[in-house]
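# Overview (structure and organization)
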Amino acid sequence: MNSKPITRIAINSRGHPPEFEQVIREKSANFVGREFVFAAINDFLARENRGYFTLVGAPGSGKSAILAKYVTENPDVVYYNAQIEGKNQVDQFLIAICNQLINDYPLGYTSLPDNVTDGSWFLSLLLQKIGE
């Protein structure tokens, strides 16, 4: 299998690529309230060992701010994603998240496979290994 060297992505102390740090900082600044949402997220995480928790709301209702605040208070969050100009392609996400997981967990990988962006197979493999 041909492999590409891992492109090391600059990661801050909380584990997020720097381009998201400004968004997290801006969205979580002066955030108050919504404790019921955080309680629901924490209840879901305590109850379920996998799955999706979805925040649904109208544009501008605070979904991104809620997640930014959650990330600032929960350093174990692996990845924060936001719509940033120039960072909106699936391939970019797959490369970034796979690199981050390889950097953060001892999975035995030093490079990404050439076909890392051919679907989500490699991300699924990494998540499976982390879960084990």
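Residues numbered from 1 in each chain as written. Predicted model: local features only at pLDDT ≥ 70, side-chain atom pairs only at ≥ 80, totals over all residues. Heavy atoms only, no water.

### Concerning the packing of aromatic side chains
Here the structure, examined in full by the defined rule, presents 3 aromatic pairs. Here the aromatic rings of Tyr109 and Phe122 are separated by 5.2 Å at their centres, their planes lie at 80°, and the arrangement is edge-to-face. Residue Tyr109 is found in the loop between helix H4 (90–104) and strand E2 (111–113), and its partner Phe122 is found in helix H5 (residues 121–131); the two are separated by 13 residues along the sequence. Overall, the relative accessible area of 24% leaves Tyr109 in the partly exposed class. Where Trp121 meets Phe122, the ring centres are 5.4 Å apart and the plane angle is 65°; that geometry is what we call edge-to-face. A residue is classified by how much of its surface remains accessible, and Phe122, at 2% relative accessible area, is buried. Pairwise contacts between aromatic rings join Tyr109, Trp121 and Phe122 into one cluster. (Phe/Tyr/Trp six-rings, centres within 6.5 Å; stacked < 30°, edge-to-face > 60°. Helix = DSSP H or I, 4+ residues; strand = E, 2+ residues; numbered from the N terminus. Buried < 20%, exposed > 50% of the residue type's maximum accessible area, 1.4 Å probe, protein only.)

### Notes on the confidence of the model for the chain
One rule of thumb: low pLDDT means the predicted coordinates there are not for detailed reading. Per-residue confidence for the chain gives a mean pLDDT of 75; residues scoring 70 or more make up 75%. Mean pLDDT across the secondary structure elements of the chain bottoms out at strand E1 (residues 3–5), with 47, and peaks at helix H2 (residues 35–47), with 88. Every residue in residues 1–13 is under pLDDT 50, and counting partners more than four places away or in other chains gives 30 contacts. (pLDDT = per-residue confidence, 0-100. Contact = heavy atoms within 4.5 Å.)

### Quick notes on the pattern of salt bridges
Tallying each qualifying case throughout the model produces 2 salt bridges. Arg47 is paired through a salt bridge with Glu48; the nearest N and O atoms lie 3.7 Å apart. With relative accessibility at 57%, the residue Arg47 sits in the exposed group. Linking Glu73 and Lys69 is a salt bridge whose minimum nitrogen-to-oxygen distance equals 3.3 Å. Residue Glu73 and its partner Lys69 are located together in helix H3 (residues 63–73), separated by 4 residues, close to a single helical turn. (Salt bridge = Lys/Arg side-chain N within 4 Å of Asp/Glu carboxyl O.)

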